[in-house]
Amino acid sequence: MIKIILPFYIICFTLYIFFTRQPDYEDGEFTNGIIHYVNGDAKAEFITNKTTYYIHAAYPFRHLKENENLVIIYDTSNPTTAAVYTWWGYWLQWQELLASIFIPLILYFAAKEITGNPTPQALIEELEMKKKIKRRKYN
């Protein structure tokens, strides 16, 4: 069963990631940015159309240094929704990874718990239904 579920999970999660990134990968513009720490918070500074923008750049397990150069992806219609273009933080986000692992596991164990201990009446009904099923003479 895992041989069926794992590829299905990988395909679905990959498609989900590709089509839900904001700003959009296909329509976004790329530019260079510089890290600056403001009150202990990492901000990425980038300039577009002669306007300077600052975006939140800190992310768990991402270590940034002052004046570090990085790539920024932004939407030309709303540059304030820009993001730091990295694998960890833009493509893979810890909330989505945890949710995509734990929600199916919780649902699996809930289904197993619900169907695991049927009542005696349910077992009798199931056996009676099997008897009523008309079988073909040849397969």
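Look up: the structure comes first, before these words.
Quick look at the structure, then.

1. What about a nonpolar patch on the surface?
Okay, step 1: Together, Trp94, Leu98, Ile101, Phe102, Leu105, Ile106, Tyr108 and Phe109 make up a nonpolar patch on the protein surface, roughly 790 Å² of accessible area in all.
Okay, step 2: Structurally, leucine 105 is set in helix 2 (residues 94-116).
Okay, step 3: A relative accessible area of 38% means that leucine 105 is categorised as partly exposed.

2. Looking at the pairing of strand 1 (residues 29-38)
Okay, step 1: When strand 1 meets strand 4 (residues 69-75), the two strands line up antiparallel, connected through six bridges. In the sheet register, asparagine 32 faces strand 4, and the bridge partner there is valine 71.
Okay, step 2: Here five bridges tie strand 1 to strand 2 (residues 41-48), and the two strands are oriented antiparallel to one another. For isoleucine 34, the partnering residue across the bridge sits in strand 2 and is glutamate 45.
Okay, step 3: The turn linking strand 1 back onto strand 2 is made up of two residues, and asparagine 39 within it adopts a positive phi angle of 55°.

3. A closer look at the layout of surface pockets
Okay, step 1: Roughly 510 Å³ of volume is contained in the largest pocket.
Okay, step 2: Taken together, 14 residues make up the lining of the largest pocket; nearest its centre are Ile5, Tyr9, Ser100, Pro104 and Leu105.
Okay, step 3: The dominant element in the lining of the largest pocket, judged by the number of residues it contributes, is helix 1 (residues 2-20), at eight residues.
Okay, step 4: Of the residues in the lining of the largest pocket, the class split is 13 nonpolar, one polar and no charged.
Okay, step 5: With three residues, strand 5 (residues 78-84) is the largest single contributor of residues to the lining of the second largest pocket.
Okay, step 6: In terms of residue class, the lining of the second largest pocket is made up of seven nonpolar, five polar and three charged.

4. A closer look at the environment of isoleucine 106
Okay, step 1: Here isoleucine 106 shows up in helix 2.
Okay, step 2: Owing to a relative accessible area of 57%, isoleucine 106 belongs among the exposed residues under this scheme.
Okay, step 3: For the pair isoleucine 106 and asparagine 49, spaced 57 residues apart in the sequence, the C-alpha separation amounts to 48 Å.

5. Let's talk about the sheet that holds strand 3 (residues 51-56)
Okay, step 1: With antiparallel pairing, five strands are arranged side by side in an open sheet as 3-2-1-4-5. At either margin of the open sheet sits one strand with a lone partner, and together these are strand 3 and strand 5. Along the sheet, successive strands turn relative to each other by an average axial angle of 40°, direction set aside.
Okay, step 2: In this structure, strand 4 lies alongside strand 5, joined through three bridges in antiparallel fashion. In the sheet register, isoleucine 73 faces strand 5, and the bridge partner there is alanine 83.

6. A word on the pattern of salt bridges
Okay, step 1: Following the criterion strictly, the structure yields two salt bridges and no others.
Okay, step 2: The residue arginine 21 makes a salt bridge to glutamate 96 at a minimum N-O spacing of 2.7 Å. Within this pair, whereas arginine 21 is found in the loop between helix 1 and strand 1, its partner glutamate 96 is found in helix 2, the two being separated by 75 residues in sequence. Take arginine 21 and glutamate 96: they sit in the same class, and that class is buried.

Rules of the game
Residues numbered from 1 in each chain as written. Predicted model: local features only at pLDDT ≥ 70, side-chain atom pairs only at ≥ 80, totals over all residues. Heavy atoms only, no water. Patch = residues over 30% accessible without salt bridge, like charges linked within 9 Å, V, L, I, M, F, W, Y side chains within 5 Å. Areas by Shrake-Rupley, 256 points an atom, 1.4 Å probe, with all protein chains shown as cover. Salt bridge = Lys/Arg side-chain N within 4 Å of Asp/Glu carboxyl O. Helix = DSSP H or I, 4+ residues; strand = E, 2+ residues; numbered from the N terminus. Buried < 20%, exposed > 50% of the residue type's maximum accessible area, 1.4 Å probe, protein only. Pairing = 2+ DSSP bridges. 1 Å grid on protein atoms, 1.4 Å probe; cavity = no way out; pocket = protein on both sides within 12 Å on 5 of 7 lines; lining within 4 Å. Points joined across faces, edges and corners; volume = space filled by probe spheres on them. Nonpolar A, V, L, I, M, F, W, Y, C, P; charged D, E, K, R; others polar. Axes fitted to C-alpha atoms, helices over the stretch in contact; angles between N-to-C directions.

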